[in-house]
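# A closer look at the structure
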Amino acid sequence: MANARSLHGRVVEEIGAAIVGGTLRPGDALPGEAQLAVQMSVSRTILREALKVLAAKGLIETRQKTGMRVRDARHWNHLDPDVLAWRCESMPTEDFVGKLVEMREIIEPAACMAAARRRDSDQLQAIGEALDAMEAADDLEAWAEADLRFHEAVLAATNNELLSSLFSVIETAVATFFVMSARTATNFKYSLPYHQAVYEAIRRRRPNEAANAMRAMIEDSRANMRKGRVAAK
């Protein structure tokens, strides 16, 4: 029999994914606690705890007269790891991809500048090892994993724990973006020269060059994904 923790997680996952994926829409009413507990085959205690989690993520609200309802997307905690994961699983829309690109444009060039100024030898080595893993990758999965490590290592090299923490929050969305970008290219290693340029600029402690290389990488990725969408039509 599943334990309470796994049952609780299943309820959060099923309802949360249904909301973020659009099966349950803003304003939709959820069944009452007793009915919902029966539908999901859990106790009312487990259900209540799961609903508290969903409310904390901004997905649902409970009102005295109208009961539980799905909240409008503007109230969702969009940086919550679960919300990001559910959004990515529901096939990112062009709008969502555009917002991911914009987020990267704001964060990553500045992070590269900070890394070029502050990185130590161990942090540079971590960036270099991730780059080596990208060069050695023989399939898309290995490439995407190494790509994620590269960007994570760059943020760690800023020596700004707030930036490092931010990456851990957005990791799911960024990982999905990297896979999507590589998948639309003829050669999934197409962006390797941009990563090499970022590494070299950080190694040589040239902040402006590092930022420019990252901007070029992001713009190229955006253009590649745009071409992929056009070709798919």
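Notes on the structure in this doc start here.

Conventions and cut-offs
Residues numbered from 1 in each chain as written. Predicted model: local features only at pLDDT ≥ 70, side-chain atom pairs only at ≥ 80, totals over all residues. Heavy atoms only, no water. Axes fitted to C-alpha atoms, helices over the stretch in contact; angles between N-to-C directions. Helix = DSSP H or I, 4+ residues; strand = E, 2+ residues; numbered from the N terminus. Parallel < 35°, antiparallel > 145°, perpendicular 65-115°, else oblique. Left-handed = near helix turned anticlockwise from the far one by under 90°. Contact = heavy atoms within 4.5 Å. Nonpolar A, V, L, I, M, F, W, Y, C, P; charged D, E, K, R; others polar. 1 Å grid on protein atoms, 1.4 Å probe; cavity = no way out; pocket = protein on both sides within 12 Å on 5 of 7 lines; lining within 4 Å. Points joined across faces, edges and corners; volume = space filled by probe spheres on them.

### Topic: the packing of helix α6 (residues 121-136) against helix α9 (residues 192-203)
Direction vectors running N to C along α6 and α9 enclose 165°, while the axes themselves pass 11 Å from each other. Comparing the axis directions of α6 and α9 gives the class roughly antiparallel. Here the hand of the crossing between α6 and α9 comes out left-handed. In this structure, α6 uses L124, I127, G128, L131, M134 and E135 to contact α9, whose residues at the interface are L192, H195, Q196, Y199, I202 and R203. By residue class, the composition of the contact of α6 with α9 is 7 nonpolar, 3 polar and 2 charged.

### Structural notes on empty space enclosed by the protein
A water-sized probe rolled over the atoms picks out the places where empty space is left. Considering all chains together, one arrives at 2 cavities of 30 Å³ or more under this definition. Roughly 90 Å³ of volume is contained in the largest cavity. What lines the largest cavity is a set of 14 residues, and nearest its centre among them are D147, S181, Y190, S191 and S221. Where the lining of the largest cavity is concerned, the elements lending two or more residues are α7 (140-156), α8 (161-183) and α10 (207-232). Among the elements that take part in the lining of the largest cavity, α8 stands out by supplying 4 residues, more than any other. The residue makeup of the lining of the largest cavity, split by class, is 7 nonpolar, 5 polar and 2 charged. Considered as a void within the structure, the second largest cavity measures approximately 60 Å³ in volume.

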